[in-house]
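Structural overview for review
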Amino acid sequence: DAKTTQPNSMESNEEEPVHLPCNHSTISGTDYIHWYRQLPSQGPEYVIHGLTSNVNNRMASLAIAEDRKSSTLILHRATLRDAAVYYCILRDRTNAGGTSYGKLTFGQGTILTVHP
Amino acid sequence: GAGVSQTPSNKVTEKGKYVELRCDPISGHTALYWYRQSLGQGPEFLIYFQGTGAADDSGLPNDRFFAVRPEGSVSTLKIQRTERGDSAVYLCASSSGLAGDTDTQYFGPGTRLTVL
């Protein structure tokens, strides 16, 4: 499985932008880059994903390096509710029982603390 | 709409006992995943169902763990002869199973299992 490397923790102030980095130097050409986050005492939730181009949605933006060996999740204005563990995941394309699917392989993630 | 639900939310049992953990996926989702999360770690994949069949059970740690999904909806994770090391949060996720690598997994709140 392709591995990702993230800082253990980051801090931000409310209303400020946050840039969460992820290194994935062994990424293969068909791996998608996914981000999930896990709020305290909850299951993980999807944030965003991309392949080669930068992506935007209502939650965040994903900036992908041209060589795809790194990416950055951008929260444009952090709120207290954004305090969570953020996971950068390369989605395996594993063929199981004839069906292509992508199990999620989580690392340690980045603990984001947001200060009021 | 209703998300993924898991019952019970907490389960305390004694070493050596048998436990069942239940997952109700989002209606219509054909793919269902079980993960286990130990304290301070990211979730770890256990098993994946596509419909009624277990397409990949490579993450199950040993033969004390078993999961079923007899009608392609509700799934039960069964643990025999529980050990203290089985203590963790067990997470269930479901997805539409239609979009291959990119289909989003929706997680339940988890069942916290404590083996005394």
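See the structure above.
Below: a short report on this structure. Note that the coordinates shown come from a computational prediction; the quantities given were computed from them, not determined experimentally. (Residues numbered from 1 in each chain as written. Chains lettered and ligands numbered in written order. Predicted model: local features only at pLDDT ≥ 70, side-chain atom pairs only at ≥ 80, totals over all residues. Heavy atoms only, no water.)

1. Description of the pattern of salt bridges
Following the criterion strictly, the structure yields 8 salt bridges over all chains and no others. For the salt bridge of E45 of chain A with R37 of chain A, the shortest nitrogen-to-oxygen distance reads 2.6 Å. By relative accessible area, which is 4% here, R37 of chain A ends up buried. Here R36 of chain B and E44 of chain B are joined by a salt bridge, their closest N and O atoms 4.0 Å apart. For R36 of chain B, a relative accessible area of 13% gives the class buried. E44 of chain B sits in the partly exposed class, given a relative accessible area of 41%. (Salt bridge = Lys/Arg side-chain N within 4 Å of Asp/Glu carboxyl O. Buried < 20%, exposed > 50% of the residue type's maximum accessible area, 1.4 Å probe, protein only.)

2. Some remarks on the sheet that holds strand β8 (residues 75-79) of chain B
The strands that make up a sheet are held in pairs by hydrogen bonds between backbone atoms, and each pair lies either parallel or antiparallel. Residue and element names in this part refer to chain B. The strand order β1-β3-β8-β7 describes an open sheet built from 4 strands, whose pairing is antiparallel. Each edge of the open sheet is held by one strand with a lone partner, namely β1 (5-7) and β7 (65-68). The mean angle between the axes of side-by-side strands here comes to 15°, regardless of whether they run parallel or antiparallel. Of the strand pairs in this sheet, β7 and β8 are connected by 4 bridges, and their pairing is antiparallel. Of the residues in β8, the one forming a bridge with F65 is I79. (Pairing = 2+ DSSP bridges. Helix = DSSP H or I, 4+ residues; strand = E, 2+ residues; numbered from the N terminus. Axes fitted to C-alpha atoms, helices over the stretch in contact; angles between N-to-C directions.)

3. Digging into the packing of aromatic side chains
Counted by the stated rule, this structure contains 10 aromatic pairs over all chains. Relative to Y35 of chain B, the ring of F106 of chain A lies with its centre 5.9 Å away and its plane at 85°, an arrangement referred to as edge-to-face. Here Y35 of chain B lies in strand β4 (residues 31-37) and F106 of chain A lies in the loop between β10 (99-101) and β11 (110-115), a pairing that spans two chains. Side by side, F106 of chain A and Y35 of chain B carry an identical accessibility label, which is buried. An angle of 25° between the planes, with centres 6.3 Å apart, marks the rings of Y33 of chain B and Y35 of chain B as stacked. With respect to burial, Y33 of chain B and Y35 of chain B carry one shared label: buried. (Phe/Tyr/Trp six-rings, centres within 6.5 Å; stacked < 30°, edge-to-face > 60°.)

Just distances and angles here, no functional claims.
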